[in-house]
Amino acid sequence: MEGWDPNTKSALTQIPLLSTRAGPRDGAAWTQRLKEEYRALIAYTTMNKSHDNDWFRISAANPEGTRWSGTCWYVHNLRRYEFALQFDIPVTYPATAPEIELPQLDGKTHKMYRGGKICLTVHFKPLWARNCPRFGIAHALCLGLAPWLAAEVPILVDSGVLKHKDDESTSAES
Amino acid sequence: MEEDLRSLLQDLESLKGCVSDRYRIGSIDEMKQRVVSIVNLTKSGATRRSKVKDMSAEVVDSNPYSRLMALQRMGIVQNYERIRDFSVAIVGIGGVGSVAAEMLTRCGIGRLLLYDYDTVELANMNRLFFRPDQVGMTKTDAAVQTLSDINPDVVLESYSLNITTVKGFEVFMESLKRRFSQKSGQNSGVDLVLSCVDNYEARMVVNQACNELGQTWMESGVSEDAVSGHIQLLVPGETACFACAPPLVVASGVDERTLKREGVCAASLPTTMGVVAGLLVQNALKYLLKFGHVSPYLGYNSLKDFFPTMEMRPNPQCSNNACIERQKEYLQTKPARDAAAKSKLEAESSKNEGPLHMDNEWNISVVDDSEMDSQNSCGVSGALPEGLIHELPTAEKDHGSLATEESKTVEDDLEELQRQLDALNAA
Ligand SMILES: [Zn+2]
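Rules and cut-offs
Residues numbered from 1 in each chain as written. Chains lettered and ligands numbered in written order. Predicted model: local features only at pLDDT ≥ 70, side-chain atom pairs only at ≥ 80, totals over all residues. Heavy atoms only, no water. UniProt positions renumbered as here; feature names shortened; annotations may be inferred. Core = buried A, V, L, I, M, F, W, Y, C linked by side-chain atoms within 4.5 Å. Buried < 20%, exposed > 50% of the residue type's maximum accessible area, 1.4 Å probe, protein only. Helix = DSSP H or I, 4+ residues; strand = E, 2+ residues; numbered from the N terminus. Contact = heavy atoms within 4.5 Å. Expected span 1.5 Å × (residues − 1). Arc of directions from axis to C-beta. Pairing = 2+ DSSP bridges. Donors = N, O, S within 2.8 Å, 3.2 Å for Na, K, Ca; no water. Tetrahedral: all angles 85-135°; square planar, octahedral: opposite > 155°, others 65-115°. Axes fitted to C-alpha atoms, helices over the stretch in contact; angles between N-to-C directions.

The name an unreviewed UniProt entry assigns to chain B is Ubiquitin-like modifier-activating enzyme 5, from the organism Ensete ventricosum. Of chain B, the UniProt comment under Sequence similarities (unreviewed entry) reads exactly: "Belongs to the ubiquitin-activating E1 family. UBA5 subfamily."

As annotated in an unreviewed UniProt entry, chain A is Ubiquitin-fold modifier-conjugating enzyme 1 from Ensete ventricosum. The UniProt entry for chain A carries this comment under Sequence similarities (unreviewed entry): "Belongs to the ubiquitin-conjugating enzyme family. UFC1 subfamily." Regarding chain A, the UniProt comment filed under Function (unreviewed entry) reads as follows: "E2-like enzyme which forms an intermediate with UFM1 via a thioester linkage."

What follows is the structure, given as structure tokens:
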């Protein structure tokens, strides 16, 4: 776990691991995997709330559980910045991680691929590969999205690219 | 455009009528001349060549294939015309894929299937192929526009979709299976798939499709720092698949710790991408037209101009089920392959009598050995040749009882779990 901050590390170790190696084309095995995904997400969300570190909402956007959407937020200088969040479960999951998208930030930062896919650190993919199939959606959020928001939101706000929604409405009124 | 220019010519003519100064009349004539040459230029740009029924080796200005057919006359390729029978799928029409598509189009390939979900942007203009006036078009449609102009003989199919999603993958598989002509492989309607995507996720998807179809494919890649690249041949069951071992990449030779990755995702150079596209299509032509040596893996380190090569055998413990199936099939057909190789050698040796025969007897067993072990070949955990590194680590065997034990306690009712998460989300 070289290259990760202590908070990410300790959160990660408390998320339940998954065991079923199955993707969205695997029928009953995928249903089993989905149950494990839910259990990990429930545990992670509960843990975040109890540590007063609630930072995302996520739910399946289709009955098959192959598309997910929700919101995530980050607090910078005591102000909360919130973004819509979405991703597909790739057909090769869990060998490859879901590619998390923040469509509102598409084109606003270099740390993003086209379509609003966040650009993960060099540490993410090796760790995911080493832990396949034990890591799931909750781990991807913890290891991928959380560090990305912590690194990019302050830069986007301080450089003026990202405006708080309150400031946007006041400037529109005046 | 031509009409505008014609009316401009008339305006100049009437202007000339009102001018008496000889010097001025001369410069108006000069302007008229320039307009006429522009008219001719636009006319020549608009002409499209008509389709060619048969490839001819005749050396005349109007034959687009004469220099290619010369390969046959020189004895490099036995039957160049076969190129028109081949269908090639190109996944990813970016800096490498678009150039590969143009090369195959100019070579007169029979059919090209093009896949990409992206649109052309000004940020792509540091690479080859796409033009600024195509900004906003899907990459596949823009490619079809340019390629059909270059060579109308090629059948082009454009698929603007994301192959990594469940739905996109279905369309991808169906399009690969669809037969265009009577010939071609058993399960697939294409002869070769070229992967020109820029990420691990999409490569794993191409790998999945090709393993399921038993489809030979070639992988290509350019590093995110734009200074190295590679191509790789993957024959399901026969060579390592993309999931058999962590992906192999060329070490740039730059100290990783000195690389400043903060603030950018990836760099790109038209040169590296052009080189890799050239290596890829060269290998594809050799494979399809059966000439020269088809490289199993060829790396390119542009900083040192170093080209590492190697071979990789399949991993019997590969996590991809389709790969394991193909490996079994390959082993089952081994006796038939050996017999075919033997009879081929015997046929050749009967032509050349004498001591050669003994050598060929030897060769039969060498063929056997090469399947087990050959130079620079490497098993899953084997040492890599100089200059190559694994991009990702291998998955660790599971952490013992921890994960399995916990999975037993998982609630059986999916809807109950969904309700629990919804309740947490609402709180
Ligand atoms: Zn494999």
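Still more ground to cover, so stick around.
Student: Please give an account of the nonpolar core that cites residues and values.
Tutor: Proteins that are soluble and globular tend to have nonpolar side chains buried together. Core analysis: the biggest nonpolar cluster contains 53 residues, and Tyr 44, Leu 102, Leu 141 and Leu 145 of chain A have the highest contact counts within it. Secondary structure elements with two or more residues in this core: α1 (6-14), α2 (28-50), β1 (56-60), β2 (67-76), β3 (79-88), α3 (124-130) and α4 (137-158) of chain A together with α13 (414-426) of chain B. No other element matches α4 of chain A, which puts 12 residues into this core. When residues no more than four places from it in sequence are discounted, the contact partners of Leu 141 of chain A are Leu 41, Tyr 44, Trp 55, Phe 56, Ile 58, Ile 100, Ala 146 and Pro 147 of chain A.

Student: Which residues make up α13 of chain B, and what values go with them?
Tutor: Count 3.6 residues to each turn of an α-helix, and residues three or four apart come out pointing the same way. With 13 residues, α13 of chain B extends 18 Å from end C-alpha to end C-alpha; this agrees with the ideal 18 Å at 1.5 Å per step. Buried residues of α13 of chain B: Leu 414, Leu 417, Leu 421, Leu 424 and Asn 425 of chain B, and no others. Projection of α13 of chain B onto a plane perpendicular to its axis shows the buried side chains occupying an angular sector of 100°, all on one side. Away from its buried face, by an angle of more than 90 degrees, α13 of chain B presents the exposed residues Glu 415 and Ala 426 of chain B. Tucked into the core, α13 of chain B has its buried residues touching α2 and β1 of chain A.

Student: Describe the pairing of strand β3 (residues 155-160) of chain B, naming the residues involved and giving the relevant values.
Tutor: Both strand β2 (residues 111-116) of chain B and β3 of chain B contribute to a ladder of six bridges, which runs parallel. Looking at the pairing, Leu 112 of chain B lines up with Leu 156 of chain B of β3 of chain B.

Student: Report on the coordination of the zinc ion, specifying residues and quantitative values.
Tutor: All names here are of chain B. Protein-derived ligands of the zinc ion are Cys 241 (SG), Cys 244 (SG), Cys 318 (SG) and Cys 323 (SG), with the metal-ligand distances lying across 2.3 to 2.4 Å. Every donor counted, the four donor atoms about the zinc ion form angles of 103 to 114° at the centre, which fits tetrahedral coordination. Sequence spacing among the residues donating to the zinc ion works out to C-x2-C-x73-C-x4-C. A residue pair is termed long-range when its members are at least 10 positions apart, and Cys 241 in the loop between β6 (228-234) and β7 (248-250) and Cys 318 in the loop between β9 (311-312) and α9 (321-332) qualify at 77 residues.

Student: Would you mind going over the sheet that holds strand β5 (residues 217-222) of chain B in detail, with residue names and values included?
Tutor: Residues and elements named next belong to chain B. Taken in spatial order, the seven strands of this open sheet run β3-β2-β1-β4-β5-β6-β8, and their pairing is mixed. Among the strands making up the open sheet, the edge pair consists of β3 and β8 (297-301). Within this sheet the neighbouring strands show an average axis-to-axis angle of 10°, counted without direction. Where β6 lies against β8, five bridges are found, and the strand directions are antiparallel. Paired with Ile 231 across the strands is Leu 298, a residue of β8.

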